[in-house]
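Fold and contact review
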Amino acid sequence: GAGVSQSPSNKVTEKGKDVELRCDPISGHTALYWYRQSLGQGLEFLIYFQGNSAPDKSGLPSDRFSAERTGGSVSTLTIQRTQQEDSAVYLCASSPPGGNQPQHFGDGTRLSIL
Amino acid sequence: ELKVEQNPLFLSMQEGKNYTIYCNYSTTSDRLYWYRQDPGKSLESLFVLLSNGAVKQEGRLMASLDTKARLSTLHITAAVHDLSATYFCAVDAQGGGTASKLTFGTGTRLQVTL
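Here is a short report on the structure shown in this document. (Residues numbered from 1 in each chain as written. Chains lettered and ligands numbered in written order. Predicted model: local features only at pLDDT ≥ 70, side-chain atom pairs only at ≥ 80, totals over all residues. Heavy atoms only, no water.)

**Remarks on the overall build of chain A**
Keep this limit in mind: Working definition: helices are DSSP H or I runs of at least four residues, strands are E runs of at least two. Numbering for both runs from the N terminus. In this treatment the radius of gyration is a C-alpha quantity, and the globule benchmark scales as 2.2 Å times the residue count to the 0.38 power. Burial here depends on accessible area, computed with a 1.4 Å probe over protein chains only, as a share of the maximum for the residue type. Under 20% is buried, over 50% is exposed, and the range in between is partly exposed. It only takes one pair of heavy atoms within 4.5 Å for two residues to be counted as in contact.
Along chain A, the regular secondary structure elements total 0 helices and 10 strands. Reading the helices (α) and strands (β) of chain A from amino to carboxyl end gives β-β-β-β-β-β-β-β-β-β. At 13 Å, chain A has a C-alpha radius of gyration in line with the 13 Å of a compact globule built from 114 residues. Overall, chain A is about 40 × 30 × 25 Å in size when its C-alpha atoms are taken along their principal axes. Out of the 114 residues in chain A, the part that is buried amounts to 46%. In chain A, once contacts between residues fewer than 6 apart in sequence are set aside, the share between residues at least 24 apart is 54%.

Right, here's the structure in full:
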């Protein structure tokens, strides 16, 4: 079956521009997560959505970062006024209802800020 | 704040040898995951450990969880080159019946040499 799909796979943009990263979770998965992976910081949690509950935004590094999930499915992570330190691989994951299944990860979006 | 530590950070081992990767975490949790990451690829789920004393095995890899010691181990038996990758442990500290955000360890880069 289809896995977690992320687009674009690579994004290069200039400092100060806004970017949108998209995640399409596995069908039927109610939870959706965003993480980022960088050399200096490892794997960091950003935000997660669980069903119709308010999202847990506790990992967002600044107010330049936001995310939404429409219709309980596709999610968009938006970074405004990008900075060079935003360069990283942004990973999306999803998991089915219940707490006993692993999160399934997409291939990520490699973001490079010039 | 939950902290997850892995050691070693880097492991070079010969084919046929055995070794153990350790994952310590700082707060109570009975939900721990192991993932594998190949260079330039995303995270692949290996094991889900959900209770004290849980042991899971797949091929040459075996994972265990001691919730009282807040320690998980990933044991490699008779390593082969195909096991070369980076291995991450991750902890879900929320508990309960729904999944939550993961806090990842630093990763252990395993290199198996001929």
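Right, picking up where we left off after that structure.
**With respect to the sheet that holds strand E3 (residues 19-24) of chain A**
Residues and elements named next belong to chain A. Applicable threshold: At least two DSSP bridges between two strands are needed for those strands to be called paired. In this description, a line fitted to the C-alpha atoms serves as the axis of each element, helices being fitted only across the stretch in contact, and the angle between N-to-C directions of two axes falls anywhere from 0 to 180 degrees.
What the 4 strands build is an open sheet, ordered E1-E3-E7-E6; its pairing is antiparallel. The open sheet is flanked by strand E1 (5-7) and strand E6 (65-69), the only strands paired with a single partner. Ignoring which end each strand starts from, the neighbouring axes of this sheet average 15 degrees apart. Across 5 bridges, E3 lies against strand E7 (residues 75-79) in antiparallel orientation. Looking across to E7, one finds that Glu 20 is bridged to Thr 78.

**Brief notes about the nonpolar core**
Selection rule: Here the nonpolar core consists of buried residues drawn from Ala, Val, Leu, Ile, Met, Phe, Trp, Tyr and Cys, with membership extended through side-chain atoms lying within 4.5 Å.
In this structure, B:Leu32, B:Trp34, B:Leu74, B:Ile76, B:Tyr87 and B:Leu110 are the most contacted members of the largest nonpolar core, which totals 25 residues. Sorting the residues of this core by element identifies strand E2 (10-14), strand E3 (19-25), strand E4 (32-37), strand E5 (43-49), strand E7 (61-66), strand E8 (71-76), strand E9 (85-91) and strand E11 (108-113) of chain B as the ones contributing at least two each. The element contributing the most residues to this core is E9(B), with 4 residues. Beyond its immediate stretch of four places on either side in the chain, B:Leu32 contacts B:Cys23, B:Tyr25, B:Phe47, B:Val48, B:Leu49, B:Leu65, B:Ser72, B:Cys89, B:Ala90 and B:Val91. In this structure, A:Val4, A:Leu77, A:Ala88 and A:Cys92 belong to the second largest nonpolar core, which totals 20 residues.

**A few points about the sheet that holds E3(B)**
Residue and element names in this part refer to chain B. With antiparallel pairing, the 5 strands of this open sheet are ordered in space as E1-E3-E8-E7-E6. With one partner strand each, in any of the chains shown, strand E1 (4-7) and strand E6 (55-58) form the two edges of the open sheet. Across the sheet, the mean angle from the axis of one strand to that of its neighbour is 15 degrees, orientation sign disregarded. For E7 and E8, the ladder comprises 6 bridges, and the chain directions are antiparallel. Paired with Ala 63 across the strands is Leu 74, a residue of E8.

**Details of the side chain of A:Arg69**
Residues and elements named next belong to chain A. As a reminder of what qualifies: Asp and Glu are treated as the negative residues and Lys and Arg as the positive ones, with His and the ends of the chain left uncounted. In the sections that follow, a salt bridge refers to a side-chain nitrogen of Lys or Arg positioned within 4 Å of a carboxyl oxygen of Asp or Glu. Polar contacts here mean pairs of N or O atoms no more than 3.5 Å apart (in protein, one a potential hydrogen donor and the other a potential acceptor; neighbouring residues in sequence count only if both atoms are side-chain atoms).
With respect to the secondary-structure elements, Arg 69 resides in strand E6. Although Arg 69 lies buried, it forms no salt bridge, and the closest oppositely charged side chain, Asp 24, sits 8.0 Å away as judged by the N-O distance. Looking at Arg 69, its side chain comes within polar contact range of the main-chain oxygen of His 29, at 3.2 Å. Looking at Arg 69, its side chain comes within polar contact range of the main-chain oxygen of Ser 73, at 2.9 Å. The contact partners of Arg 69, leaving out residues within four places of it in the chain, are Pro 25, His 29, Thr 30, Ala 31, Leu 32, Phe 49, Gly 51, Val 74 and Ser 75.

**Thoughts on the interface of chain A and chain B**
Many structure descriptions define interface size as the accessible area lost when the parts assemble. Heads up, the condition is: Summed over both partners, the accessible area (1.4 Å probe) lost when two parts come together is defined as the buried area.
Listed as interface residues are 20 residues of chain A and, on the opposing side, 18 residues of chain B. The junction of chain A with chain B conceals about 1,600 Å² of combined surface from both sides, 54% of it contributed by carbon and sulfur atoms. Area buried by chain A at its contact with chain B is led by A:Leu43, A:Gly99 and A:Phe105, which between them contribute 30% of it. Our count for the contact surface shared by chain A and chain B stands at 1 salt bridge. B:Lys101 is the salt-bridge partner of A:Asp56, the closest N and O atoms lying 3.7 Å from each other.

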